[in-house]
Amino acid sequence: MLAHAILSGLVFGCYFTLVGLGLNLIFGVMRIVNLAHGDVVMLGAFAAFWLFALVGLHPLMSSVIVLAAFALLGLPVYYLVVPRLLAARDSEMLSIILFFGVQQIIEAIATIAFGTSERSIPGRVLGRGPLHLLGQALPVAWVVSAAVSLLAVALVYLYLYRSRVGTLTRAVMVNRDEALASGIDVNRVSALAFAIGVALAGLAGVFSPFMLGSATPAMGGDVNLAAFAVIVIGSLGDPRGTMLGGLIYGVALMLMQTYMSAWANLLPNLLLIAVLLVRPTGLLGRQVRRA
Amino acid sequence: MRRRIVVCLLALACMAGARAAWAQQSRPAEERLGGCFDGYLDKAQTEQAAAQQPGQPAAPAEIRIGHLHASSGPYASISMPVYLGLKLWVEQMNAGGGAVVKPFGRKLPLRLISYDDQSNPGTAATLTNQLITQDKVDLLIADSGSVLTAVSVPIAREHKMFLFDPTGTGAAFFSKDNPYIALLADPVSTVWPRFLWEFLKSDVAAAGLTRVAILYSTNDFTGTQAASIRAALKAPGSPVQIVFDQGVPTSTSNYAVLIDNIAAAKPDVVLELGYVGNDIAFLRNLQESGTKFPMVFTLYPGIETSTLLKNVGQTGLAGVFSYVTALAYSYPPEVGMTLEQFRGSWEKAYAKSGVEFGWNAIAGYVTGLVLGQTLACTDSMAQLDVRKSVFSLSGKLKTLIGTFELNEQGAQIGELTPIGQIAPAGSDGIHFTVVYPSAMSSGKPIFGAK
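Below you will find a few notes about this structure. Note that this is a predicted model, so its numbers are computed, not measured. (Residues numbered from 1 in each chain as written. Chains lettered and ligands numbered in written order. Predicted model: local features only at pLDDT ≥ 70, side-chain atom pairs only at ≥ 80, totals over all residues. Heavy atoms only, no water.)

**A few points about the side chain of Thr 169 of chain A**
Definition in use: What counts as a helix is a DSSP run of H or I of at least four residues, what counts as a strand is a run of E of at least two, and both are numbered from the N terminus. The criterion used for residue contact is that any of the two residues' heavy atoms lie within 4.5 Å.
By secondary structure assignment, the location of Thr 169 of chain A is in helix 6 (residues 164–174). Excluding residues that lie within four positions of it along the chain, Thr 169 of chain A makes contacts with Val 29, Tyr 159, Leu 160 and Val 189 of chain A.

Written as structure tokens, this is what we have:
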């Protein structure tokens, strides 16, 4: 039981790294809190569902389309909203209020458009039967979702640490004003980071029916809570911390389900409270400003 | 600024972790009520009830029906079908000139005032209060499901307003000191699983399957069902042994680890009791894990069959045991439409609504039928007279879900659902074989099919 819980937790944690990654990238670069993140994940889930239901598109193919489409969707949203937010005196606080409103709007529109019933894609689409890993049986769909998540994390890492625009992005993360003073097109870098963040949320949505059982317009709130727990554990603004936070969250959740199942839904809140009280900067907090 | 964000997140986490406690207040002793109704209203009785009597009070312009529904949030998928089923009944009644209201001796149009509580119990509490004190509704209907009904029960009782409870089956709602509630369309959770535990202790045990695992969601609905089943299986002389018994939060969306933990207890029978989303996730994870149990029972394949079939698929549902509701077992109604007629009306009205037709849609319609019969029978619109009228229907009203029957606390004890097993039908459909009780059975159970 313990081995299965830990292994499942690591696999689940990889997926939740992906869920939190986009949220953390946006906060790291722009210092805005996207409370609509969970609803973007939900839109990704419905995009994948409809692509599968209407044209039979495989979720792996859908993920490429969703990545591109959501990135393109993110750009106009950025230019419409974020520069005005950043020009405000209290942009972080304003972003919480603004994106809370956006979240409500997205959920309402999705409910009207898609209805309230649960939707999902058959798990067999990603592979039949369980996959035996280190002596434990895991759903193939979980392993595939985790693998895609790891690939996305690796690509974000390469973008941030092995590309010129990534270097500029990290410069903006460290100090937006100094980056601006040194001639970096902060707006353009931020727009790109915002688009990538939205695209990552959409990608996480594609695999959510496999990891979370089904998708509904109401799923955004729970996803948000888990995503915030993940990035706060690691550290706000640091993608490497997101990986650590995701794995800790996943393993802790599975251990809770195994030994204290009735209390498992308290876990995100407990982790959030514990980290915020003991180490408010997150486990990798010291490195945030030096990214 | 970072500190402010941290404080905000801390506050949000604390708020999310906290749950409001709803205190029960003592109420006057139950009033003993006699019957006012000797059977369902046929056409002649309806006309008789509608006949103007001298000295009757002046009729209002309309009968206001207060209701809550959740168009979003985790309970939307069980709440919206109830709302639309009720709305369909109201529209049909109004198309025919309204409902017969005995105290006024004529038909009156119905006005449905339904607020959206967004699956939030706090909002449901506020809106219940608003319906009673501001809208001054004549009849009050709770939202669907036990979680959202729970908040309306004490408020209705405090205001001495009779609460029509469509599907909130939590046993705690019904007590001798609260005359202001009746459960209409689902059996109370303490009674609902009766056929299930009888089946486990008889046919299933006789087949050598005696080790039972219970996995339930911790809410009033499934928590009470689990408690009833547990008590019955632990009763002296029971041939059944419970080898796994755990609750999980209703928000649980993955069961892979839990299935592994259950398998470690080596049960013959697994009972998973949850809401729609729980059952979907459980059955999907079970299928994907490759784990097999001789018998698996879940609630919603028989309650929201269409939704489960779309999400879990024919293969995932094959062999699963569930309640067999009116969706798959025909009860000849003496009041209202048959299942086929109702489904036809639903499809005509809501085909593009995105809300699936299922048991909860029927529950909404049945709620309307009970309301209609109540109005036709009540001596006045005073709430205890309304209660008297509802209780007079007990044991006599027969709708498309069976016989409406209340115990003295207002809990539904009729309309019990038999136990069935799912088998594939056609290329992607399913059908239920009723396996218990024997008087209703249409076939034998096949164990080891899951």
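**Here we look at the interface of chain B and chain A**
Heads up, the rule is: Two parts placed together each lose some accessible area under a 1.4 Å probe, and the buried area is that loss summed for both. Side-chain classes are defined by residue name, with Ala, Val, Leu, Ile, Met, Phe, Trp, Tyr, Cys and Pro counting as nonpolar, Asp, Glu, Lys and Arg as charged, and the others, Gly among them, as polar.
Counting residues at the interface gives 49 residues for chain B, matched by 56 residues for chain A. Carbon and sulfur atoms make up 57% of the surface buried where chain B meets chain A, a total of about 4,200 Å² over both sides. Of all the secondary structure elements, the ones that give two or more residues to the side of chain B that touches chain A are helix 1 (2–17), helix 3 (76–95), strand 9 (241–248), helix 8 (256–264), helix 9 (276–289) and helix 10 (305–317) of chain B. A total of 11 residues in the side of chain B that touches chain A trace back to one element, the largest contributor, which is helix 1 of chain B. Counted by class, the side of chain B that touches chain A contains 22 nonpolar, 21 polar and six charged residues.

**Side note on helix 2 (residues 37–55) of chain A**
Residues and elements named next belong to chain A. Heads up, the rule is: Expected helix span is given by 1.5 Å per residue-to-residue step, counting one fewer step than there are residues. For every residue, the accessible area (1.4 Å probe, protein chains only) is compared with the maximum for its type, and the residue is labelled buried under 20%, exposed over 50%, or partly exposed between those bounds.
Here helix 2 spans 27 Å end to end across 19 residues, near enough to the 27 Å set by a 1.5 Å rise per residue. Taken together, the buried positions of helix 2 are occupied by His 37, Gly 38, Asp 39, Val 40, Val 41, Met 42, Gly 44, Ala 45, Phe 46, Ala 48 and Phe 49. Tucked into the core, helix 2 has its buried residues touching helix 1 (2–30), helix 3 (59–87), helix 4 (91–114), helix 8 (186–211) and helix 9 (220–234). One or two steps after helix 2, the chain reaches Gly 56, where phi turns positive at roughly 65 degrees.

**Things to note about helix 10 (residues 239–259) of chain A**
Since the α-helix advances by 3.6 residues per turn, residues separated by three or four positions end up pointing in the same direction. In a regular helix each residue adds 1.5 Å, so 21 residues correspond to 30 Å; helix 10 of chain A covers 30 Å between its end C-alpha atoms and thus fits that length. Where burial is concerned, most of helix 10 of chain A is hidden: 15 out of the 21 residues are buried.

**Here we look at the sheet that holds strand 7 (residues 181–183) of chain B**
All names here are of chain B. The condition that has to hold: The pairing criterion is simple: DSSP has to find at least two bridges between the two strands. The axes are straight lines fitted to the C-alpha atoms, using for helices just the contacting stretch, and the angles between their N-to-C directions are given from 0 to 180°.
Taken in spatial order, the five strands make up an open sheet running 4-1-5-6-7, and their pairing is parallel. Each edge of the sheet is formed by a strand with only one pairing partner; in this case those strands are strand 4 (110–116) and strand 7. Neighbour to neighbour, the strand axes of the sheet diverge by 20 degrees on average, direction disregarded. The strands touched by helix 3 within the sheet are strand 1 (63–69), strand 4 and strand 5 (139–141), with strand 4 carrying the most contacts at an inclination of about 165 degrees. The strands that helix 5 (residues 146–158) touches are strand 1, strand 5, strand 6 (163–165) and strand 7; relative to strand 6, the one it contacts most, it runs at about 160 degrees.

**Some details on the pairing of strand 15 (residues 419–425) of chain B**
All names here are of chain B. As judged from the three bridges shared by strand 12 (residues 321–323) and strand 15, these two strands associate in the antiparallel manner. Across the sheet, the residue bridging to Tyr 323 is Ile 419, located in strand 15. With seven bridges connecting them, strand 15 and strand 16 (residues 429–436) associate as antiparallel partners. Paired with Ile 422 across the two strands is Phe 432, which belongs to strand 16. Here strand 15 hands over to strand 16 after three residues, with Gly 426 in that stretch at a positive phi of 70 degrees.

**Side note on unusual backbone geometry**
One can expect most non-glycine residues to show negative phi and most peptide bonds to be in trans. Residues and elements named next belong to chain B. Residue Pro 437 is bonded to the preceding Tyr 436 through a cis peptide linkage, with omega at 0 degrees. Assignment of secondary structure puts Pro 437 in the segment after strand 16. Phi at Ser 119 is positive, roughly 65 degrees, even though this residue is not glycine. By secondary structure assignment, the location of Ser 119 is in the loop between strand 4 and helix 4 (121–133). The phi dihedral of Lys 160 is positive, around 55 degrees, even though this residue is not glycine. Among the structural elements, Lys 160 can be located in the loop between helix 5 and strand 6.

Geometric descriptors of this kind do not, in isolation, establish any biological role.
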